[in-house]
Each structure stands twice: as structure tokens, then as C-alpha cells.
Amino acid sequence: HRATIKALKLDPVEAQPRQAFFFDTPNLDLYRAGVVVRARRIQGGDADTVVKLRPVNPDTLDPDLRRSASFKIELDMMPGGFVCSASFKGTCTGKEVLDVTASDMPLSSLFSKGQRAFFEAHAPAGITLDSLETMGPLFLLKAKHQPKDFDRGVTVEMWLYPDGSRILEISTKCLPGEAFQAAAEFKAY
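Summary of the structure given here. This one's a predicted model, so the numbers in the text were calculated from it and none came from an experiment. Numbering of residues starts from 1 in every chain and runs along the sequence as written. Where local features are concerned, this predicted model is filtered to residues with pLDDT of at least 70; where side-chain atom pairs are given and counted, the filter is 80 or more; whole-chain, interface and lining totals use all residues. Based on all heavy atoms of the structure, the side-chain values leave hydrogens and waters out of the count.

**Comments concerning helix α6 (residues 179-188)**
Here α6 has its buried residues at A179, A182 and F186. Mapping the buried residues of α6 onto a view down its axis gives an arc of 65 degrees, with all of them on the same face. Opposite its buried face, α6 presents the exposed residues F180, Q181, K187 and A188, each directed more than 90 degrees away. Note on exposure labels: buried denotes an accessible area under 20% of the residue type's maximum, exposed denotes more than 50%, and partly exposed covers the range between, all computed with a 1.4 Å probe on protein chains only. Labels follow the DSSP assignment, with helices taken as runs of H or I lasting at least four residues and strands as runs of E lasting at least two, numbered in each case from the N terminus. Taking the helix axis as origin, the arc is that swept by the directions to the C-beta atoms.

**Observations regarding the pattern of salt bridges**
By definition, a salt bridge exists where a carboxyl oxygen of Asp or Glu is found within 4 Å of a side-chain nitrogen of Lys or Arg. In total, this model carries nine salt bridges according to the counting rule given. When the shortest N-O distance is used, the salt bridge between K89 and D48 registers 4.0 Å. One end of the pair, K89, is in strand β5 (residues 81-93); the other, D48, is in strand β3 (residues 46-53), and 41 residues separate them in sequence. Note on K89: relative accessible area 31%, which makes it partly exposed. On the basis of relative accessibility, which here comes to 10%, the residue D48 falls in the buried class.

**Considerations on the state of the cysteines**
Where two cysteines share a covalent bond between their sulfur atoms, that bond is called a disulfide. Cysteine sulfur atoms that pair up within 2.5 Å are treated as a disulfide. Counting across every chain of the model gives zero disulfides. Here C174 stays free of any disulfide, with the sulfur of C84 as its closest cysteine sulfur at 12 Å.

**Quick word on the packing of aromatic side chains**
The criterion for an aromatic pair is that two Phe, Tyr or Trp rings (for Trp, the six-membered ring) have centres within 6.5 Å, with stacked assigned to planes under 30 degrees apart, edge-to-face to planes over 60 apart and tilted to the rest. Under the definition given, this model contains seven aromatic pairs. With a centroid separation of 6.3 Å and 85 degrees between ring planes, the pair formed by F82 and F180 is classed as edge-to-face. Here F82, found in strand β5, pairs with F180, found in helix α6; they are 98 residues apart in sequence, far enough to count as distant. Using a relative accessible area of 53% as the deciding quantity, one classes F82 as exposed. Residue classification places F180 among the exposed positions, given a relative accessible area of 56%. Taken together through their ring pairs, the aromatic side chains of F71, F88 and F118 make up a single cluster.

Spelled out as C-alpha cells, the structure:
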């Protein structure tokens, strides 16, 4: 990880700290069904929420939902393959996330009406947002970088897990029609 951060010429002190909470059943029923429910606190008091499907076939999603500014489809490319996901994002405050994780507010109150409907349409039968348990928090550091020798911006996230393990995620964005070309260029970079 250090060699990669150094090669990218990132200053880790400039990274933004974040705290992520995931919500699932004790048996990880959502995970098994490809549904992710997350709330994330961001330095400065902001926060966001997401209901994500992973993997997903974009052709099966409601076209009106796909046009929403709160909805996005991503193609995550990794060594050995790729996976498509769909995320329905929302906003809240960091205090609201803390209130939910302290059981002072119901989890459903963090999510918009549209997010709740999206969850209900894709979650296993009988599982409600308010029946989920808090998992985490996980801490991460996020930094954005514009390399001098690469045309696209790069985002680097260092995920720090409670057991001491960590994951370094490096990503870039492009338009759908550029995905495979951008992936090849990014891999070469």
C-alpha cells in the first residue's frame, strides 16, 4: 500500500476521514441477496446513505430510476473480472447517523421514500430496514488526485478494518461508452 501511495504521489495527511456503517441481519441475508445498506459519516458533519444492488443487470432496472440524479450504475473492474452495481444515494447528517447507530432513531428515517421503496423491491421477503442490525463502524481515508501523467482524476480509499486488515481501493470515472478503454488505460497507468 505504501509503495502505491508513494507512486501516485499522494499526501496521506490530506485524506478525508470517513466512518461507514453497514446494516444487515445477523445471518447476512442482505449480503447473500446482493443488497447493501450503508450510512457514511464524512468529516465536517455531512453524511450520506446508499441502498446498493451488487451484482445487477442494468437492463432489469426501471428506466425512470436510471435517470434520477440520486441513482447511478457502476462497473467495478478488478484483476480477474468485473461486477456491475446500482446505487441509490441519499443525504443526511452525521448526527442522524450517530443517532441511528445509538438506537435513538429508526434506521428507516435516514433513507428517502425512493430509497425505502428500492430496498423493499429488492430485499428478501420479510426483512425491513428497521429490523436490520448495525455493523461497524469501519474507518476509511479518501483522497482525490489528478496525476500529471494520466488524463482522469483518481480516487484512493484506504479501508481500515477492526481486525487490523486493510484494503486500498483505487478508482477513476468515465462515461459508459468509455469503460473498457478507460479500464485498459487505468490498468496500464
